[in-house]
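Working through the structure, step by step
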Amino acid sequence: MLKIGLTGGIASGKSTVLSYFKDKHIPFIDADVVAREVVEPGTPGLEAIRDLFGESVIHHDGTLNREALGQIVFYDEEKRQQLNTCIHGFIRQRIDTLTAHYESQLVPVLIYDIPLLIEGKWYEHLDTVWLVYVSPKVQVQRLMERNGYSKQDALVRIDSQMPIDDKKSYADVIIDNNGSIQDLKTQLEQLWYTVLKPLYIDI
């Protein structure tokens, strides 16, 4: 099973790339979905966050108050690292379980959609890293347009992540998304026909 780590940065277009491969029926593990699952009410993950940040990050109905938590960690690097460390083990366990499931199904390709693929060293467990790349300038512009952020708000969120240019050295494949949707699709078609589709031939 070819394990592909798909990464990028906020507003880089990673979701668009993943949608293309989903349309090809390639299975994937979405770390953001897993991260939500492991902090649902009653989970050890949510209790760990409560212990770390207090009741202010928990809604009255027992669900995680993501807005309150975000305000804490976006502006404090130390607290953001504490959060990542707190839930990393729960996320790793769930992803390992999902991986074992797909391996038992003998799927030829599995995509891992993990925002902190590099920072969390997830790439060390995978076969190849595919980076969806946009320039920092384009990243700011698209985030402002997509979310209605001010330039300052956009920069705070971008700066909370590893610089996208620093991720290039870890990437085996760089998908350039600075251009049009058609430019992006052309690159994805090439990857599909030259790298991925041949793996399905013998099934």
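Residues numbered from 1 in each chain as written. Predicted model: local features only at pLDDT ≥ 70, side-chain atom pairs only at ≥ 80, totals over all residues. Heavy atoms only, no water.

1. Section: the overall build of the protein
The helix and strand inventory of the protein stands at 8 helices and 5 strands. Reading the protein from its N terminus to its C terminus gives the helix and strand order β-α-β-α-α-α-α-β-β-α-α-β-α. In terms of overall size, the protein behaves like a compact globule, its C-alpha atoms giving a radius of gyration of 18 Å where 203 residues would be expected to give roughly 17 Å. With the C-alpha coordinates aligned to their principal axes, the bounding extent of the protein is approximately 55 × 40 × 30 Å. (Helix = DSSP H or I, 4+ residues; strand = E, 2+ residues; numbered from the N terminus. Rg over C-alpha atoms; globule rule 2.2 N^0.38 Å.)

2. Some remarks on the sheet that holds strand β3 (residues 109-113)
Strand order in the open sheet made by the 5 strands is β2-β3-β1-β4-β5, with parallel pairing throughout. Single-partner strands in this sheet number two, and they are β2 (28-30) and β5 (173-176). Each strand axis lies, on average, 20° off the axis of its neighbour in the sheet, ignoring direction. (Pairing = 2+ DSSP bridges. Axes fitted to C-alpha atoms, helices over the stretch in contact; angles between N-to-C directions.)

3. Regarding the nonpolar core
In this structure, I29, I49, I91 and I95 are the most contacted members of the largest nonpolar core, which totals 36 residues. Broken down by secondary-structure element, the contributors of at least two residues to this core are α2 (31-37), α3 (44-53), α4 (66-73), α5 (77-104), β3 and β4 (128-133). Looking at which element gives the most residues to this core, the answer is α5, with 7 residues. Setting aside residues up to four positions removed in sequence, I49 forms contacts with V39, G54, V57, L64, L83, C86 and I87. (Core = buried A, V, L, I, M, F, W, Y, C linked by side-chain atoms within 4.5 Å. Buried < 20%, exposed > 50% of the residue type's maximum accessible area, 1.4 Å probe, protein only. Contact = heavy atoms within 4.5 Å.)

4. Let's talk about the packing of aromatic side chains
Within this structure, the stated rule accounts for 4 aromatic pairs. For the ring pair W192 and Y200, a centre distance of 6.1 Å and an interplane angle of 50° mean the geometry is tilted. According to the relative accessible area criterion, W192 is buried, its value standing at 9%. Among the aromatic residues, those joined into a ring-pair cluster are Y20, F21 and W130. The side chain of R157 reaches across the aromatic face of Y149, ending 4.4 Å from its centre. Of note, K168 hangs over the ring of Y133, and the distance from its end group to the ring centre comes to 4.2 Å. (Phe/Tyr/Trp six-rings, centres within 6.5 Å; stacked < 30°, edge-to-face > 60°. Lys NZ or Arg CZ within 6 Å of the ring centre and 35° of its normal.)

5. Comments concerning empty space enclosed by the protein
Scanning all chains against the criterion turns up 1 cavity of 30 Å³ or more. In this model, the largest cavity occupies a volume close to 40 Å³. (1 Å grid on protein atoms, 1.4 Å probe; cavity = no way out; pocket = protein on both sides within 12 Å on 5 of 7 lines; lining within 4 Å. Points joined across faces, edges and corners; volume = space filled by probe spheres on them.)

6. Notes on unusual backbone geometry
Here the phi dihedral of A11 falls at roughly 65°; this positive angle occurs in a residue that is not glycine. With respect to the secondary-structure elements, A11 resides in the loop between β1 (2-7) and α1 (14-23). Not every positive phi belongs to a glycine, and H25 is a case in point at roughly 65°. Along the chain, H25 falls in the loop between α1 and β2. What makes H25 exposed here is its relative accessible area of 70%.

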